[in-house]
Amino acid sequence: MRDSFSEVYICLGSDKTLRLKYMTPSNVKRARFGRIMEDLDTMAGLICFRHNENIIRSQCVAFVTALVDRIEMHNCNLAVDEDIKLSGQVSWVGRTSLDIKMKVEQMKQGSWEHILDTRYLMVARDPVAGKGLPVNPLVIESAAEQAEFAQGEANQAKRRQEAEQSLFKTVPSDAERALIHHMFLQTIDPKAGTFKRIKPPGTIFMEETKLKNIILCHHEERNLYGKIFGGYLMRQAFELAWTNAFMYCRSLPEIETVDDIVFKQPVEIGSVLFLSSQTVYTQENKMLVYVHAEVVDPIKDIHISTNTFYFVFKAPLLEKVKPVIPKTYAEAMIYLNGKRHYEG
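Everything numeric here is computed off the predicted structure, so don't read it as measured data. (Residues numbered from 1 in each chain as written. Predicted model: local features only at pLDDT ≥ 70, side-chain atom pairs only at ≥ 80, totals over all residues. Heavy atoms only, no water.)

Under the definition given, this model contains 11 aromatic pairs. Summarising the aromatic geometry, the rings of W242 and F246 are spaced 5.2 Å apart at their centres and angled 50° between planes, so their arrangement reads as tilted. Here W242 and its partner F246 are both found in helix α6 (residues 230–249), four residues apart, which amounts to about one turn of the helix. On the accessibility criterion, F246 (33% relative accessible area) is partly exposed. Their ring planes at 10° and their centres at 6.2 Å tell us that F309 and F311 sit as a pair that is stacked. (Phe/Tyr/Trp six-rings, centres within 6.5 Å; stacked < 30°, edge-to-face > 60°. Helix = DSSP H or I, 4+ residues; strand = E, 2+ residues; numbered from the N terminus. Buried < 20%, exposed > 50% of the residue type's maximum accessible area, 1.4 Å probe, protein only.)

Set out below in structure tokens:
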């Protein structure tokens, strides 16, 4: 397991030119979190290559991001003028997949401060045939490594369980149905005796929280295999979600958690990419923003879903944000899905 350990440094403390690439427009002392997401995706690929050096010498292998399991923030105050360290290693392997555990630290007052932890699920594929390829197994050498491997197994089992309990496959639980009905009752006037919808005071209908972007995918954002780089897609989705949260709460938001970024299909160069964001769940001063990415063929009028993203933001200057209220059954399912991600 330790053979794949890698660490890289982003020298923001000494490289003033590099700082411009990482500087946040809303606060010139903060580093852009979207850039860090790009760097983490590159780092995960590097660790995959290191773990499978012998395989790479004998055949062509593509390592692609299948899933970002979760990014847990310990400190969102990323300074733009201090060095950042990314480190990680393979912590679990299947037949064709690898779980990459990474962390980000930043130099502050002479010592490394823990910023975040994350796990990426990577898959080895034949770039020509498109099928999965076997990866090197792991040699477990300590109790700590055994615990890491067991956590990888547990994460796999949890993902399978969540897939079986998806709202696309099963009905909501009794508690979830009761919650949705309660929210529905809040949006009708009992005195009117009709089902005409009204917006409860101090709330926002979910349909009012949409924010979209369209991107034409160029060669400069390609990865080693001629597809659009996954880290670039994550940065674009994050920045759209952050803007959505900013407009929703009307106060500068901070990222708290990134949950379940799923890569369903590769995005080709030249694609017209639609990014749609929506605030789908709120709790106190926190908002969960869901982003859906799809490739559109304007000639054939075909839409292909490529990615889903879930971001949890908080508004540190507010005690509470306005609750978001679903208006339709479809929105209610989106609300429950967001609630599950938030609580998970």
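Moving on: the packing of helix α5 (residues 174–186) against helix α7 (residues 329–343). One way to put it is that α5 packs onto α7 with a least axis distance of 11 Å and a crossing angle of 125°. Classified by the interaxial angle, the pair formed by α5 and α7 is oblique. As for how α5 packs across α7, the hand of that crossing is right-handed. From α5, E176, L179, I180 and M183 reach across to α7, where they touch A332, Y335, L336, K339 and R340. Taken together, the residues that form the contact of α5 with α7 break down as six nonpolar, no polar and three charged. (Axes fitted to C-alpha atoms, helices over the stretch in contact; angles between N-to-C directions. Parallel < 35°, antiparallel > 145°, perpendicular 65-115°, else oblique. Left-handed = near helix turned anticlockwise from the far one by under 90°. Contact = heavy atoms within 4.5 Å. Nonpolar A, V, L, I, M, F, W, Y, C, P; charged D, E, K, R; others polar.)

Counting through the fold element by element, N136 comes out in the loop between β7 (111–125) and α4 (143–164). Residue N136 is classed as buried on the basis of its relative accessible area of 16%. Apart from residues no more than four positions distant in its own chain, N136 is found in contact with H51, N52, N54, I55 and V93.

The next thing to look at is the environment of H303. The topology assignment puts H303 in strand β13 (residues 302–314). Sequence separation of H303 and L273 is 30 residues, and the distance between their C-alpha atoms is 9.6 Å. Filtering out sequence-adjacent residues up to four positions away, H303 remains in contact with E294, V295 and V296.

Before going further, it helps to examine the nonpolar core. With 92 residues, the main nonpolar core has F33, M37, I100, Y120, L273, F311 and F313 as its most contacted residues. Broken down by element, the residue count for this core peaks at 11 residues, all from α6. Once you skip the residues sitting within four places of it in the chain, F33 turns out to touch I71, M73, L78, L116, F238, I255 and V258. (Core = buried A, V, L, I, M, F, W, Y, C linked by side-chain atoms within 4.5 Å.)

With respect to the secondary-structure elements, E145 resides in helix α4. Among the residues examined, E145 registers a relative accessible area of 11% and is labelled buried. Leave out the neighbours within four places in its chain, and E145 touches M1, R2, V139 and I140.

Another aspect to go through is the sheet that holds β7. Strands sit in the order β1-β5-β6-β7-β4-β10-β13-β12-β11-β9 across an open sheet of 10 strands; the sheet is antiparallel. Only two strands of the sheet have a single neighbouring strand rather than two, namely β1 (6–10) and β9 (211–216). Sheet twist, expressed as the mean angle between neighbouring strand axes with direction ignored, is 25°. Two elements, strand β6 (residues 97–108) and β7, share 12 bridges in a ladder whose sense is antiparallel. (Pairing = 2+ DSSP bridges.)

As for its position among the elements, D259 is in strand β10 (residues 254–263). For D259, the contacting residues outside a window of four places in its chain are V68, D69, R70, Y310 and H341.

All right, on to α4 then. Its 22 residues give α4 an end-to-end C-alpha distance of 32 Å, which sits within 8% of 32 Å, the value for a rise of 1.5 Å per residue. Listed in full, the buried residues belonging to α4 are E145, E148, F149, G152, N155, Q156 and R159. Mapping the buried residues of α4 onto a view down its axis gives an arc of 105°, with all of them on the same face. Exposed residues lying more than 90 degrees from the buried face of α4 are A143, A144 and E164. Contacts made by the buried residues of α4 are with β4 (62–73), β5 (84–93), β6 and β7. (Expected span 1.5 Å × (residues − 1). Arc of directions from axis to C-beta.)

Among the 10 residues that make up β10, nine are buried, leaving the element largely enclosed by the rest of the structure. Across five bridges, β4 lies against β10 in antiparallel orientation. Directly across from E72, in β10, lies its bridge partner T257. Summarising the sheet, β10 and β13 pair through seven bridges and their orientation is antiparallel. Note that in β13 the partner of D259 across the bridge is Y310.

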